[in-house]
Amino acid sequence: MHFLENLPLATKKFILDLVKGACGWLCTKLGIALPPWAMPLLLTLVSILVVIVAIIAVYMVMFALMSVAERKILARMQNRYGPNRAGWFGILQPVADGIKMLTKEDLVPRGADKIVHFLAPIAMVAPALMLPAIIPYGTGMVPVELSAGILYFFALGAGTELAVFMAGWSSNNKYSVMGAMRAIAQMISYELPLVMSAVIAALVAGTLSPTGIVEAQGGYSLGFIPNWFVFTPWGFVACLLFYIGALAESNRCPFDLPEGESELVAGHLTEYSGFKYAIFFMAEYVGMFAINGLLVTLFLGGYKAPCPFLEWIPSWCWFFAKLALLAFSMVWVRATLPRFRIDQMMQFAWKFMLPMSFAALIAAAVWYYAGRGPLAWGLSALIVGIPYLALGHFCFTRHHTADNRRYLYSE
Amino acid sequence: MHDLFQRLISLPWDQAPQWFFLFPALLMLLAAAAAVMLRNLIHCALCLTLSFIALGVLFIALGAEFVGFVQLLVYVGAVTMLILFAILLTPASEVAASNNPFRSFQLSKALNAVAGGAVAMLVLAGLLAAIFFSPHAQAAVNPAKAATAPAAAIGENLLNHTLLPLQGTAILLTAALIGAALLAKEDKRS
Amino acid sequence: MNLPGSGILKGMAVTAVNFIGSFLDRAHAKRLITEQYPEERPTLVETSRSFPFLVFDGDPEKGIRCTACKICEKECPPQCIFIVKDKDANGKPILRPQIFDIDISVCMGCQICVEVCPFESIRMDNIYEVSAYDRFETLVLHKEQLLKSNVYYRQIHPTEAAQTDARIEAARVKKAAAAKAAAEKAAAAKAAAAAKAAETQPEPTA
Ligand code: SF4
Ligand code: SF4
C-alpha cells in the first residue's frame, strides 16, 4: 500500500522528471546553453503549475459529482428519483448543465454598472479557487505550506463578501441589493463564531499551520479512539459551531436567505445568466468544499485514519472520505431544515453561536490546563453543557405556544 | 531567432522575484489615486479596497505573511464593508453636500487642492518621522529578524512588551462600541 | 422538557428514513412513486380535458355539426376562436364554417365554448402532447385538425358522449314526431280541404 500512499507525489515527480528530460533534450538539440539557475527555476514553476492544475481538476470533478449527487440524494430524501435522464442514471447531468450554461445568452441589464458587473464573478471565483491551497490532503501533501494557513483561509474568505456586494450593487436591481445586504450581514455575523471555533483548535494545537493542527490530532487514546478534537467536549461544540458557520458562509440551506428563491428571485445572482452565473455557482461549491476541508483539518483529524488497523488505506483517501461525508451531511441538512427568517438568522448568530463559541474557548482552556484526563473532560463538558441548556431553554424554546393554540377550522 | 532566444534566456531571470514587489506596489498607488479621483463613490470605495488588497499582497511578498493576512482580513473584510455600507445607506444628495467641509468658506478650487496637498504632506511627514525615529525601526529594518517573525513572536510582543497599550486600545474600542450602541438607541426613541 | 435541538435530530431522522427507504422499497408502493413519463404514460381519468375539438358524424365534410353560429366565438373568454361562415357559389351564406381556428396557445381549457354551443358540435379533447417549435403557426389549430369523429368522442369521454347522443337522438325523435305530426296535420288539412272541396264542389252544381 506504500505505492498508493505515494501515488500523487510520485506522479508529480514523474511529470517533473519528464519536463526536465524534455527540456534538456530540446536544449542539446537546438544547441542552447542554459544558465545554471534556469533549470531549477523552470522546475519550480512547473511544480507550482502541476499542483495548481491538480487542485483545480480535483475540485472541478468534485463540483461536477456533487452537483448531480446532491440532487439525487435530495430527491431520495423527498421520495423522488432526481435526475435520471442524461446518461447512465443521470451521471452525465453536469455535462448537460454545463452545455446549457455555456450556450445561454449572457445578459447585462441596461442600467447595470458594466465594469463592476463583469468583475464580480471574477472577484468571486479567484479567492474561492485559492482557498484549497493550504489544506493538507495527505501526509506531505500540502500545496502551500504556510505557517499562518488558517489566517490565510479567512483572509481570502473576506474577498467573497466583497464580490457579493459588487454583484448585488452593480446589477441595479432591488432584489440584488437586498440579497447582497443579506449575504453580507450573514457572512459578517457568522464569520465571528467561525473564526472563534477555528481559533480554539489552533490554540490547543499551538499553531496556525493546518499541517501542525492535523499532526496535533494524531495518535489514539485507549488504543482505539483517535485523538481528534471532535472527540472532546469543547471540540465537539466547536466543530458543530464551525459546521453551522460553514453552512452560513457557503449560503447553504437553511442559511440560503441571500438567494431565497421564494422571496428575492435569486438574490445577488438575479441579473446574472449563462457563464457568469455558472461561475458564481462553481465558486460557491468550491468554497463549500474548501471550508469543509478546513473543518476536516481542524476537528476531524485531517488525513488521519480513524482506527489503527485501517491505517493501510492511503491518507489522502481518508481526507476525501471525510470530505464526502461532510458534503453528504450538508445535503441531508438541506433536505431537512426549512429556511431561516432573517431575524432568526441574526439572533441565532449573536445570541447562540457567539456565546457558545466563548464557552467552548473557556472549556478548551480548562481541558488544556486540567491535564486532559477524566477531570478535564468532566469540567469542560460542564462548561459547554450548561450554557447550551440555558441558552436553548431561555432563548430558543418557545414556551406556551403549541399547547395554547386553538385551531378553529382545521380539526 | 536562435541567437535571440539564447540571449533572452541568458537574462538574469533569477533576479526577477526581487522585483516582484513592484507589481503590488504600483497597483496600490494606481488604485489609491483612482480612489481619490473617480466620480462614483462606490467605485472609489472599490478602488480603495483594491489598494488594500495590493498592500496585503505587498506585505506577503516582503515576507510578512501574518501582517499581510491580517491586513486582508481586517481591511478588506471589515473596513471596506463598513465604508460600502456607509455609502449605500447615505442618500446621494447628502453625500454631495457634505463631501467638502470647506465649501462654506468659498475657497477656490486651486486653494482647495493646495490645502489638501498640504494636509497630505503633513500626514506623510509625520508617518515617515514616526517610522524612522521609532526605537523599533532598526530592529524591523533588519531583514533576518523580520523574516523569522511568525505569529508566535507577534503574540509574544503584544502580550509582554506592549500589554498596557493593548489593554488601553481594548478599553477605547469597548467605549466606542458602547457609545455607538447608546447613540443608536437614542436615535430609535426620538 | 425537551433537550434543545432535539427537534432538528427528529427531522434528520425522518429524512434519513426516507433516504434509506427509497432504496428498500423496490415495489414503489410508498416511495419513488413518480411516473417516468415518456416510458410510462398516465392513464387519464374520463373527465380530463385539454382543448376543444369539433365533432362530426360520418363524413367530415357533410357530417360537421357546427353551423357557424359564432356563439362560442363570442363567449370564449380569451377570444381564441375565429370563425368565418361558408358561402355557396352565389355568395349566399350557408350554415357551415369555412374557417374555424382555435389558438390553443391562448385557450385556457375553460370549456365555456362547449357549454354554450346549441348544436352539440364542439367538445373537449384530452390530448396533452401539443408542444411545437413554432408557436405562431403550429399552435393555431385549423378546421381540418379540429374535426374529429363522434366515434373518437365516444372513446375519450364515453359517459358524456352517450348523454350527448341520447340528447341528439331525443331531439331527432322529437323532430321526426313533430314532422310526422306536421305531415299528418298537413295531410289531414289536405284531406279536409279536399273533403271540403269535394263537399263544396257539388254545391254550385247542385
Ligand atoms: S375552452 Fe374556453 S378558452 Fe378554450 S376555446 Fe373554449 S371557450 Fe375558449
Ligand atoms: S361550435 Fe357550436 S357555438 Fe360554435 S359556431 Fe359552431 S355551432 Fe356555433
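Residues numbered from 1 in each chain as written. Chains lettered and ligands numbered in written order. Predicted model: local features only at pLDDT ≥ 70, side-chain atom pairs only at ≥ 80, totals over all residues. Heavy atoms only, no water.

(A) Region of interest: the confidence of the model for chain C. Residues and elements named next belong to chain C. This prediction gives chain C a mean pLDDT of 85; 94% of its residues lie at or above 70. Mean pLDDT values over the elements of chain C span from 53, in helix H7 (residues 202-205), up to 92, in helix H3 (residues 112-116). Predicted complex, confidence summary: ipTM 0.79, pTM 0.77. (pLDDT = per-residue confidence, 0-100. Helix = DSSP H or I, 4+ residues; strand = E, 2+ residues; numbered from the N terminus.)

(B) Structural context of the packing of aromatic side chains. All chains considered together, the criterion is met by 29 aromatic pairs over all chains. Aromatic pair phenylalanine 229 of chain A and tryptophan 234 of chain A: ring centres 5.3 Å apart, planes at 50 degrees, arrangement tilted. Across this residue pair, the class does not change: phenylalanine 229 of chain A and tryptophan 234 of chain A are buried. An aromatic cluster of at least three residues, connected via ring pairs, comprises Tyr190, Phe255, Phe340, Phe348, Phe352 and Tyr388 of chain A. The residue whose ring lies beneath arginine 76 of chain A is phenylalanine 23 of chain C, and the NZ or CZ to ring-centre distance is 4.3 Å. One residue, lysine 174 of chain A, lies across the ring of tyrosine 175 of chain A, its end atom 5.9 Å from the ring centre. (Phe/Tyr/Trp six-rings, centres within 6.5 Å; stacked < 30°, edge-to-face > 60°. Buried < 20%, exposed > 50% of the residue type's maximum accessible area, 1.4 Å probe, protein only. Lys NZ or Arg CZ within 6 Å of the ring centre and 35° of its normal.)

(C) Local environment of the interface of chain B and chain A. Each partner contributes to the interface: chain B provides 29 residues, whereas chain A provides 28 residues. For the pair chain B and chain A, the summed buried surface comes to about 2500 Å²; carbon and sulfur atoms form 81% of the total. Counting the surface chain B buries against chain A, the share from its top three residues, Phe69, Leu73 and Met81 of chain B, is 22%. For the interface between chain B and chain A, the tally reads 0 salt bridges. If you look at where chain B meets chain A, you find 2 residue pairs in polar contact (both at pLDDT 80 or more). Secondary-structure elements contributing two or more residues to the side of chain B that touches chain A are helix H1 (2-9), helix H4 (41-61) and helix H5 (65-89) of chain B. Split into classes, the residues belonging to the side of chain B that touches chain A amount to 19 nonpolar, 8 polar and 2 charged. (Contact = heavy atoms within 4.5 Å. Buried area = accessible area lost by both parts, 1.4 Å probe. Salt bridge = Lys/Arg side-chain N within 4 Å of Asp/Glu carboxyl O. Polar contact = N/O pair within 3.5 Å; in protein donor to acceptor, adjacent residues only side chain to side chain. Nonpolar A, V, L, I, M, F, W, Y, C, P; charged D, E, K, R; others polar.)

(D) Representation of the interface of chain A and chain C in the model. At the interface, 18 residues of chain A touch 21 residues of chain C. Note on chain A versus chain C: buried area summed over both sides is about 1800 Å², and carbon and sulfur give 63% of it. For chain A, the biggest contributors to the area lost against chain C are Arg76, Asn79 and Tyr81 of chain A; these three give 36% of the whole. The interface formed by chain A and chain C holds 1 salt bridge in total. Where glutamate 39 of chain C meets arginine 85 of chain A, a salt bridge forms, and the shortest distance between an N and an O atom there is 3.1 Å. If you look at where chain A meets chain C, you find 8 residue pairs in polar contact (both at pLDDT 80 or more). Listing elements by their share of the side of chain A that touches chain C, those giving two or more residues are helix H2 (38-77), helix H11 (315-336) and helix H13 (374-394) of chain A. If you tally residues by element for the side of chain A that touches chain C, the top one is H11 of chain A, at 5 residues.

(E) Broad picture of unusual backbone geometry. Although it is not a glycine, asparagine 251 of chain A sits at a positive phi angle of roughly 55 degrees. Relative to the elements of secondary structure, asparagine 251 of chain A occurs in the loop between helix H8 (233-249) and helix H9 (261-264). Looking at asparagine 251 of chain A, the relative accessible area reads 7%, which means it is buried. If you check the backbone angles, glutamine 111 of chain C has positive phi at about 75 degrees while not being a glycine. By secondary structure assignment, the location of glutamine 111 of chain C is in the loop between strand E3 (93-103) and H3. Glutamine 111 of chain C gets classed as buried once you look at its relative accessible area, which sits at 15%.

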